[in-house]
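A structural walkthrough
Spelled out from the first residue to the last, the chains are:
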There are 2 protein chains.
Amino acid sequence: MTKFDEATQAIRVDETTYDVCLDDGYGIGGPLNGGYLTAVILRAAVDASPHEHPVSTSTQFLRSPAPGPAKVLLEPLKAGRTTAVTRATLVRDDVAYLDTLITTATLGDVAPDWTGEPPAAMPPLDDCRSLPAPKPESNMTLNARMDLRFDPPTIGWLNGEPTGRPESRAYFRLAEPQDPDPYVLALAVDCLPPVVFSAGARGWAPTVELTWHLRALPAPGWLTLYGSGRLIGDGWFDEDVEVWDSTGRLVAQCRQLARLGRG
Amino acid sequence: MTKFDEATQAIRVDETTYDVCLDDGYGIGGPLNGGYLTAVILRAAVDASPHEHPVSTSTQFLRSPAPGPAKVLLEPLKAGRTTAVTRATLVRDDVAYLDTLITTATLGDVAPDWTGEPPAAMPPLDDCRSLPAPKPESNMTLNARMDLRFDPPTIGWLNGEPTGRPESRAYFRLAEPQDPDPYVLALAVDCLPPVVFSAGARGWAPTVELTWHLRALPAPGWLTLYGSGRLIGDGWFDEDVEVWDSTGRLVAQCRQLARLGRG
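Residues numbered from 1 in each chain as written. Chains lettered and ligands numbered in written order. Predicted model: local features only at pLDDT ≥ 70, side-chain atom pairs only at ≥ 80, totals over all residues.

1. A word on the overall build of chain A
Quick note on the threshold: Under the DSSP-based scheme used, a helix requires at least four consecutive residues in state H or I and a strand at least two consecutive residues in state E, with every element numbered from the N terminus. Atoms counted for the radius of gyration: C-alpha only. Globule rule: 2.2 Å times residue count to the power 0.38. C-beta atoms are placed from the backbone for every residue, and two residues are taken to be in contact when these atoms lie within 7 Å.
A tally of regular secondary structure across chain A gives three helices and 14 strands. Its C-alpha atoms give chain A a radius of gyration of 18 Å, within 12% of the compact-globule value 18 Å for 263 residues. C-alpha atoms of chain A, sized along the principal axes, occupy 50 × 45 × 40 Å. Put simply, of all contacts in chain A between residues at least 6 apart along the chain, 70% involve residues at least 24 apart.

Shown next, in the form of structure tokens:
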């Protein structure tokens, strides 16, 4: 079992209750990464579903949980032949931290009827840039769990050269050997530095709402993440992330609405 | 009070219960339009919130309700200084039809820090095409409530000339005199014919999940709807709709995941 599989484990207590343990290896500063927390919730929801895959997940980030034991509570809303819908809530001591609505279904392995093109050209992997190692006191423990290689201009903000628009593009894999699956995708869609950093913004950018759709099961190998945004203003921004797999297939779509940092 | 305001009214029974009456004037064939139903739910959620606007709404479409009396049940999840989060469910006789997670906040009237361009060029209004009047027996009552003027190629499928890719673009206003507001936007983001019709698909295309974000309060006048998709396959498709107002401002973003029709 990989570290990621272990850190996202959900142990069935009864039909609607799962025990989980939030791992401090997925921290971004103080808080735990929202994609990691969503992956934990999805483990429980899929385990309890008659279907195999988390096809659509909407998450409201209510509060930021500290690492340690917690529970996922499930409320089945619909169980159909094609899809099931569940509300799943991450709770500790009767306080809700994340609230989600999840559609599960079973995806096949079929070629698309129609697909768009990747949203941007990516340079070869060898021409891409890693993030510098974070200072230990920054608590960016997540960085050591992922291997991210950025399209250089989209990480220019690190050296005071933002591109002037919200964007972030990178190749992604887990640092440990693990093929991507829907739970890795749940992490991948929320693991880029906020796209607004490329537009000159700074500081902690808390996600308010994040919805992502699993469009196909990813092939082994690197994933490519294409992050962009459409509007920054009034303290809010959107971040859209498409994930393509190593065979050139769109496997996940994500949009989050977040608050601009004050930093 | 306009017909739309009346049809979306939510009458407070107590802190967490609202009476509504689902209006048969917003039908698309048998079912009622999902954007209309979402607008009804939002009336209740915003009325009960300390904030003024429905900034983010995720809806799971569980079942299709018939017209008539129903209830919106609210479950407050968080009430913060900047945002409040509510779960709101449309129910009748203890059966849930739509389940939603809603963030409310109060938007200001400020210029964006950064904005993208409209996703496509639109021809002038006078060069656009209306839908033909539906046959009375089709129960497309919604069509009479809206004035939609399509970018002609994106409605070519009506005459057996689909463009070959998922797209739909149109100017929009209510048929009755009413300035757009967040509730009109809730309808607008889900009122286009499915974008897959332009890619050659046909038939009833039920929405599974729809998330939309209110990005700014719309100015009076026509709205412009830009619909597109990224992937069609395995029985699923996505539909992305951006709504721009008459001053050229992005006011709403929406993505839905839906099932392909079998028709």
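2. Quick look at the confidence of the model for chain A
In plain terms, the rule: One confidence number per residue, pLDDT, is output by the predictor and ranges from 0 to 100.
Mean pLDDT for chain A: 96, with 99% of residues reaching 70 or above. Predicted as a complex, the structure gets a pTM of 0.97 and an ipTM equal to 0.96.

3. Side note on the interface of chain B and chain A
Which entries qualify depends on this criterion: Under the scheme applied, nonpolar residues are Ala, Val, Leu, Ile, Met, Phe, Trp, Tyr, Cys and Pro; charged residues are Asp, Glu, Lys and Arg; polar residues are all the others, including Gly. The pairing criterion is simple: DSSP has to find at least two bridges between the two strands.
Counting residues at the interface gives 39 residues for chain B and 39 residues for chain A. Taken together, the elements giving at least two residues each to the side of chain B that touches chain A come down to β3 (53-61), β4 (68-79), β5 (84-92), β6 (95-105), β7 (114-115), β10 (207-214), β12 (231-233) and β14 (250-259) of chain B. Among the residues making up the side of chain B that touches chain A, the classes are represented as 16 nonpolar, 12 polar and 11 charged. As judged from the two bridges shared by strand β7 (residues 114-115) of chain A and β12(B), these two strands associate in the antiparallel manner. Each residue of the ladder has a partner; that of A:Thr115, found in β12(B), is B:Leu231.

4. A few points about the relation of the copies chain B and chain A
The criterion, for reference: Copy-to-copy alignment: least squares on C-alpha atoms, limited to residues at pLDDT 70 or above in both.
Placing chain B over chain A gives an RMSD of 0.0 Å and needs a rotation angle of 180°, together with 0.0 Å of translation along the axis. Classification of the inter-copy transformation places it as that of a two-fold axis. Considering only C-alpha atoms, the residue of chain B closest to the rotation axis is B:Ser58, which sits at 3.3 Å. A shared interface surface links the copies, since 100% of the contact residues of chain B are contact residues in chain A too.

5. Observations concerning helix α2 (residues 34-47) of chain A
This is how it is decided: For a helix, the expected span equals 1.5 Å multiplied by the number of residues minus one. Three classes are used. A residue is buried when 20 or more other C-beta atoms lie within 10 Å of its own, exposed when 12 or fewer do, and partly exposed in between, with C-beta atoms placed from the backbone.
Spanning 14 residues, α2(A) covers 20 Å between terminal C-alpha atoms, matching the ideal 20 Å at 1.5 Å per step. A large share of α2(A) lies buried, amounting to 13 of its 14 residues.

6. Considerations on the environment of A:Lys78
Within the element layout of this structure, A:Lys78 appears in strand β4 (residues 68-79). Looking at A:Lys78, the number of C-beta atoms within 10 Å reads 15, which means it is partly exposed. Expressed as a C-alpha distance, the spacing of A:Lys78 and A:Thr247, which sit 169 residues apart in the sequence, is 34 Å. The residues touching A:Lys78, leaving out its near neighbours within four places in the chain, are A:Ala84, A:Val85 and B:Leu62.

7. Thoughts on the environment of B:Thr17
Relative to the assigned elements, B:Thr17 resides in strand β2 (residues 17-22). Taking C-alpha positions, B:Thr17 is 37 Å from B:Ser168, a pair spaced 151 residues apart along the chain.

8. Things to note about the pairing of strand β5 (residues 84-92) of chain A
Residues and elements named next belong to chain A. Inspection of the sheet shows β4 paired to β5 by eight bridges, in the antiparallel sense. Following the sheet pairing, Leu74 is matched in β5 by Ala88. Between β4 and β5, which pair antiparallel one after the other, the connecting turn spans four residues. Taken together, the nine bridges between β5 and strand β6 (residues 95-105) define a ladder with antiparallel strand orientation.

9. Description of the pairing of strand β1 (residues 11-14) of chain B
Here three bridges tie β1(B) to β2(B), and the two strands are oriented antiparallel to one another. Across the sheet, B:Arg12 pairs through a bridge with B:Tyr18, a residue of β2(B).

10. Regarding unusual backbone geometry
All names here are of chain B. In this structure, Asn139 takes a positive phi of about 60° despite not being glycine. Along the chain, the position of Asn139 falls in the loop between β7 and β8 (146-150). The class of Asn139 is partly exposed, set by 14 C-beta atoms lying within 10 Å. For Asp234, which is not a glycine, the phi torsion comes out positive at approximately 60°. On the secondary structure map, Asp234 appears in the loop between β12 and β13 (236-244). Here Asp234 falls in the partly exposed class, since 19 other C-beta atoms lie within 10 Å of it.

11. Description of the environment of A:Arg230
Assignment of secondary structure puts A:Arg230 in the loop between β11 (223-228) and β12 (231-233). Looking at A:Arg230, the number of C-beta atoms within 10 Å reads 21, which means it is buried. Counting along the chain gives 60 residues from A:Arg230 to A:Ala170, while the straight-line C-alpha distance between them is 19 Å. The contacts of A:Arg230, once residues within four sequence positions are left out, are A:Asp238, B:Gly116, B:Leu250 and B:Gln253.

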